[in-house]
Amino acid sequence: MKRLLTLGLLAVLLTACSLGSTPAPTSEPTTPPIQIPQGGTLTIRTAQDISALHPWKPTTHVEAQMLGLLYRGLTKLDQDLAPQPDVASSWQSDSIGQTLTMTLRSDIRWHDDTPLTAADAAWTISAMQSISPTTPLLADIQGLVSNVTAPDATTLVLSLREPYAPLLSALSMPILPKHLFGQLSPVELDQLNLLTQPVGSGPFIFEERTAGSAISLIRNNQAVDGVPYLDRVAFVVAPDAQVAREAVRDGDLLAAELPWEQSQGLGSAVNAGHYAENGFYYLAFNMREGRIFNDMRVRQALALSLDLNTIVETAGPAAQGILSDHLPGTWVAPTGELPSRNLDKARELLDQAGWVLPEGATIRASNGITLSMTLYVRGDDQRRIEVAERIAAAASPIGFNLVVTPADFESVIRSKLVTPFDFDLALMSWGNSRVGGAPSYTAYDPDNFSLFHSSQIYQGVADGRPGLRNYGGFRNANFDNLSTAARAIYDTERRRELYQQTNAIIQSEYPYVFLWADRMPVALAKNVRSTQGEIRLNTANWLYNVQHWYLEQ
């Protein structure tokens, strides 16, 4: 198997090009500093063959990485996933945040040497508005952008129905060339496969795809922010994780995301890191009037009964403790240690809330009602069941009686999360993605308005809004105000300050008890270096600034 991977890789890289040669320049290249080694191929694992590349709906992390090498957006996400200037060098909003004026660079050209202008960006946004809104990102663009114009080649004006700061990260999606795709119908745009006409504006240019084997990109010798030192980047198909592990260890693959087990013990020639996948596991409370967990003190008490470090260990070696839905490695992630178990404080809170322990009893009661409830958990996930049982055992000494109930998600648990919301406690998971499908950091934004803002609570039979996510019924006026402000301000640092405040509220009032996120390991050969310093492997955007990478001789 390993030999098949190696031979397949070599076959792809030797077909129609010489592995050791520099790609023929489209014109005179800008020569990097002589002391930095030039040339070579960065080989990156893809677990699946990529036969189609859709501009605004990447289905895997590798597809998103490939789009980032081939295309540019108005903005780009940095290593902490915060939006930064890209094709748009700057932007400003009007006083009410509903008009966003962007100034575009004039020095960027498509790979066919046509200038990239504001007309391309305006057409791209209009194209995104014309196709079926099958992802949250497309729904945002279509629901919030009322008009887009390009008064001149370097000016783009977006009119919005309301202020919306997450638009900046949405605009990191690829700008497409109007002169090539401007005549396509909405149906054709929705089905567009960029591998069939891959003219981008990024630091690398599409070279070829060999089905079932690899996709190779060559450097763009006209890249305005620095010609890459690498000759090529090749995404090599390696579906078997163990085969991929051996290829990384032996130097046949230089970069790979691997399952946790296969990422261990790769040897001294490989750097290893990991980032939290964009999803998490948590305890969800029903905080509605008349429910036990409507009292914040009872939520706090249950949280304080838990040894979160032990729970993370139970979840397995890939699990990482978290403090918020703003996960480690993202630009608003809270810092600090996991809350410590404190049974005395937990008992004190329950006493204050009127839940007392009758003489000789082990379960607390209040007004004839015992502190007993069902803890729902998916029955098809043994790991979650084991964590739920540990939670029930941890809460028992302070007088809770949690009955762990494995159940089918579709037929049982999902029905508890809609009216009449007949549950008290559930061990849940949340996978975040603006482009649909599996959890993804593509166009990431920390906006958690939909999870915790009180406007996202079901309002009764007349409320026909689908997919409301504040199913626990959390209400906090201060959170509402801060969250509303954070999604209306385009200043990243000010937003960071506001999210620090919302995180403090969430960590104090416990609409959720955050349990863990799973980590995605990243392996990179040590001879892959960067002129920008150490290559960070603790971020989903670990390919950031790859044009500055080189292979040390």
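Just so it is clear, the model here is predicted, and its values are computed rather than measured. (Residues numbered from 1 in each chain as written. Predicted model: local features only at pLDDT ≥ 70, side-chain atom pairs only at ≥ 80, totals over all residues. Heavy atoms only, no water.)

> I'd like a description of helix H16 (residues 492–509), backed by residues and values.
Across its 18 residues, H16 extends 26 Å between first and last C-alpha, which sits within 8% of the 26 Å expected from 1.5 Å per residue. Looking at H16, one finds that the buried residues are Thr492, Arg495, Leu498, Tyr499, Thr502, Asn503, Ile505, Ile506 and Glu509. The arc enclosing the buried residues of H16, seen along the axis, measures out at 160°, which places them on a common side. In this structure, the buried side of H16 is in contact with strand S3 (83–85), helix H9 (296–304), helix H14 (449–452), helix H15 (477–486) and strand S20 (512–525). N-cap assignment for H16: the residue whose side-chain oxygen lies 3.1 Å from the backbone N of Glu493 is Asp491. Residue Tyr510 follows H16 closely and has a positive phi angle near 55°. (Helix = DSSP H or I, 4+ residues; strand = E, 2+ residues; numbered from the N terminus. Expected span 1.5 Å × (residues − 1). Buried < 20%, exposed > 50% of the residue type's maximum accessible area, 1.4 Å probe, protein only. Arc of directions from axis to C-beta. Contact = heavy atoms within 4.5 Å. Polar contact = N/O pair within 3.5 Å; in protein donor to acceptor, adjacent residues only side chain to side chain.)

> Which residues make up the sheet that holds strand S5 (residues 99–104), and what values do they have?
Taken in spatial order, the four strands line up as S4-S5-S7-S6 in an open sheet, and their pairing is antiparallel. In the strand order of this sheet, the two ends are held by strand S4 (88–93) and strand S6 (145–152), each with one partner. Looking at each pair of strands side by side, their axes are set apart by 20° on average, direction ignored. Where S5 lies against strand S7 (residues 155–160), five bridges are found, and the strand directions are antiparallel. For Met102, the partnering residue across the bridge sits in S7 and is Leu156. The strands touched by helix H3 (residues 118–130) within the sheet are S5, S6 and S7, with S6 carrying the most contacts at an inclination of about 165°. Each of S6 and S7 touches helix H4 (residues 136–144); the most contacted strand, S6, lies at about 80° to it. (Pairing = 2+ DSSP bridges. Axes fitted to C-alpha atoms, helices over the stretch in contact; angles between N-to-C directions.)

> So, the environment of Ser483: which residues are in play, and what are the values?
Checked against the element boundaries, Ser483 lands in helix H15. For the pair Ser483 and Arg495, spaced 12 residues apart in the sequence, the C-alpha separation amounts to 9.3 Å. Aside from chain neighbours lying at most four places away, what touches Ser483 is Asn448, Phe449, His453 and Thr502.

> Describe unusual backbone geometry, and please don't skip the residues or the numbers.
Here the bond from Thr419 into Pro420 is cis, since omega is 10°, no more than 30 degrees from zero. Here Pro420 is to be found in the loop between helix H13 (409–416) and strand S19 (425–431). Despite not being glycine, Tyr510 shows a phi value in the positive range, around 55°. Following the sequence through the fold, Tyr510 ends up in the loop between H16 and S20. Note on Tyr510: relative accessible area 13%, which makes it buried.

Geometry only, nothing functional implied.
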